[in-house]
Amino acid sequence: MRILLHPGFHKTGTSSLQGGAQAQMERLRGHLQLRITDDLPISARAARRFAARPERVNLSRFAEALADELAGVDPDGPQVLLISSEDLC
């Protein structure tokens with residue numbers, strides 16, 4: 001699977017990208033799978049925690065949360081996953 005990560009650095013159009021992708025999901029559905037901040041609430045929180053306290057335990061919690069939340073990615077669906085979340089920067 002190819003993963004496109006848009007971590008949402010300041011002023012990079014995260015909201016526009018997410019809104020546009022959601023608005024065009026019917027067209028994009030056969031080409032990519034989409035996960036945005038709302039789809040990754042535990043991972044987003046863990047990423048913010050790690051940013052504030054960059055300790056190994058916080059990194060491990062983030063990795064576990066992300067793996068759990070991405071477990072729902074359809075392995076038989078499009079082999080491109082777009083993850084866009086301002087909380088991942």
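That block above? That's the structure.
Residues numbered from 1 in each chain as written. Predicted model: local features only at pLDDT ≥ 70, side-chain atom pairs only at ≥ 80, totals over all residues. Heavy atoms only, no water.

## Quick word on the pattern of salt bridges
So, step 1. Scanning all chains against the criterion turns up three salt bridges.
So, step 2. With a shortest N-O distance of 3.6 Å, Glu26 and Arg29 are connected by a salt bridge.
So, step 3. For Arg29, a relative accessible area of 47% corresponds to the partly exposed category.
So, step 4. Residue Asp87 pairs with Arg48 through a salt bridge whose shortest N-O separation is 2.7 Å. Of this pair, Asp87 sits in the segment after β3 (80-84) while Arg48 sits in helix α3 (residues 41-52); the two residues are 39 residues apart in sequence, bridging distant segments of the chain.
So, step 5. You can call Arg48 partly exposed: its relative accessible area is 42%. (Salt bridge = Lys/Arg side-chain N within 4 Å of Asp/Glu carboxyl O. Buried < 20%, exposed > 50% of the residue type's maximum accessible area, 1.4 Å probe, protein only. Helix = DSSP H or I, 4+ residues; strand = E, 2+ residues; numbered from the N terminus.)

## Comments concerning the pairing of β3
So, step 1. Burial within β3 is extensive, with four of its five residues counted as buried.
So, step 2. Here strand β1 (residues 2-6) runs beside β3; their pairing, made up of five bridges, is parallel. Paired with Leu5 across the two strands is Ile83, which belongs to β3.
So, step 3. Examined bridge by bridge, strand β2 (residues 33-36) and β3 share four bridges and lie parallel to one another. Within β3, the position partnered with Gln33 by the bridge is Leu81. (Pairing = 2+ DSSP bridges.)

## A look at the environment of Asp87
So, step 1. With 36 residues separating them along the chain, Asp87 and Ala51 place their C-alpha atoms 9.5 Å apart.
So, step 2. Look past the residues within four positions of Asp87 in its chain and what remains in contact with it is Pro7, Thr37, Ala44, Ala47 and Arg48.
So, step 3. At a separation of 2.7 Å, a polar atom in the side chain of Asp87 contacts the side chain of Arg48. (Contact = heavy atoms within 4.5 Å. Polar contact = N/O pair within 3.5 Å; in protein donor to acceptor, adjacent residues only side chain to side chain.)

## A few points about the nonpolar core
So, step 1. Residues Leu40, Ala46, Ala47, Phe62, Leu66, Leu70, Val73, Leu81 and Ile83 constitute the largest nonpolar core, which totals nine residues.
So, step 2. Among the elements that take part in this core, helix α4 (residues 56-70) stands out by supplying three residues, more than any other.
So, step 3. Excluding its chain neighbours within four sequence positions, the residues that come into contact with Leu81 are Met1, Arg2, Ile3, Leu4, Gln33, Leu34, Arg35, Leu70 and Val73.
So, step 4. If you look at the next biggest cluster of nonpolar residues, it comprises six residues, including Ala21, Met25, Leu34 and Ile36. (Core = buried A, V, L, I, M, F, W, Y, C linked by side-chain atoms within 4.5 Å.)

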